[in-house]
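In case you want the letters, here they are:
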Amino acid sequence: MTAAPAAAWQADPYTDALRTGRGPLYLRRPDGWLLPLEVERWCAEPDTADGTVLARSHGAVLDIGCGPGRLVAALAARGATVLGIDVSPEAVARTIRIGGSALRRSVFDPLPREGSWDTALLIDGNIGIGGDPRALLSRVARLVAPGGLLLAETAPLDIDERVRVRVFDGIATEGTPFPWARVGTEALLRYGRGAGWTLREEWGVGARRFVALGRGR
């Protein structure tokens, strides 16, 4: 199992959007359906919903698919041990520029501190990484320490979808296709149980939905 090809996130239009901090930007399915990507929010300071994730993060934190790094930088500013990983060079560079620590790495690559992270984050739809939530949750279980925590954001509807998508600027430019997934809370909990996770908490802020899953004890 691999994550989305790095080339899908290195080239325009994703790189351009991160450089400017602005959209529009979408994930585009083969049937033409578009999922808006919230570039402006990702490149801004953490909002109220993000604050609930930051407050639940403890110990050493791994932000999987950290994007432009707002959560990594916010945790670093609080004195936390935190690392972001992302396959996009621009995402990693921006995370470092705003005060975070990040590596250009897929979650399925060898990573520092495997098996000893206290908290892992899958925010901003990143449960979709690789297009296989079961494989992703199993991988994260191997990264987190016994008793550790996964904080994940789910789709705000009951959905369990596997698709191939392209990053699209809404006009003419799009990247290479890669696998993605969208799952709601029920589907995430089902896959999580199969990977050894147990539900600790569910919450929402506005339209955004989150779960906290525990590993072991």
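For the structure, see preceding data.
Residues numbered from 1 in each chain as written. Predicted model: local features only at pLDDT ≥ 70, side-chain atom pairs only at ≥ 80, totals over all residues. Heavy atoms only, no water.

Caption draft 1: Here's a closer look at helix H7 (residues 133–143). For H7, the buried fraction is high: eight of the 11 residues fall into the buried class. Of the positions making up H7, those classed as buried are Pro133, Ala135, Leu136, Leu137, Arg139, Val140, Ala141 and Leu143. (Buried < 20%, exposed > 50% of the residue type's maximum accessible area, 1.4 Å probe, protein only. Helix = DSSP H or I, 4+ residues; strand = E, 2+ residues; numbered from the N terminus.)

Caption draft 2: Spotlight on the nonpolar core. Counting 44 residues, the largest nonpolar core has Leu62, Ile64, Leu122, Leu137, Val140, Leu150 and Trp197 as the members making the most contacts within it. With five residues, H7 is the single largest residue contributor to this core. Apart from the residues within four sequence positions on either side, Leu122 is in contact with Ile64, Ile127, Leu136, Val140, Leu150, Leu151, Ala152 and Glu153. Core analysis: the second largest hydrophobic core is formed by 19 residues, Ala49, Val61, Val72 and Leu75 among them. (Core = buried A, V, L, I, M, F, W, Y, C linked by side-chain atoms within 4.5 Å. Contact = heavy atoms within 4.5 Å.)

Caption draft 3: Seen up close, the packing of H7 against helix H8 (residues 185–194). In contact at an axis separation of 9 Å, H7 and H8 are set at 50° when each is read in the N-to-C sense. Here H7 lies oblique to H8, going by the angle between them. When the axes of H7 and H8 are compared, the crossing they make is right-handed. Here Pro133, Arg134 and Leu137 of H7 lie close against H8, whose contacting residues are Leu188, Tyr191 and Gly192. Residue composition of the contact of H7 with H8, grouped by class: four nonpolar, one polar and one charged. (Axes fitted to C-alpha atoms, helices over the stretch in contact; angles between N-to-C directions. Parallel < 35°, antiparallel > 145°, perpendicular 65-115°, else oblique. Left-handed = near helix turned anticlockwise from the far one by under 90°. Nonpolar A, V, L, I, M, F, W, Y, C, P; charged D, E, K, R; others polar.)

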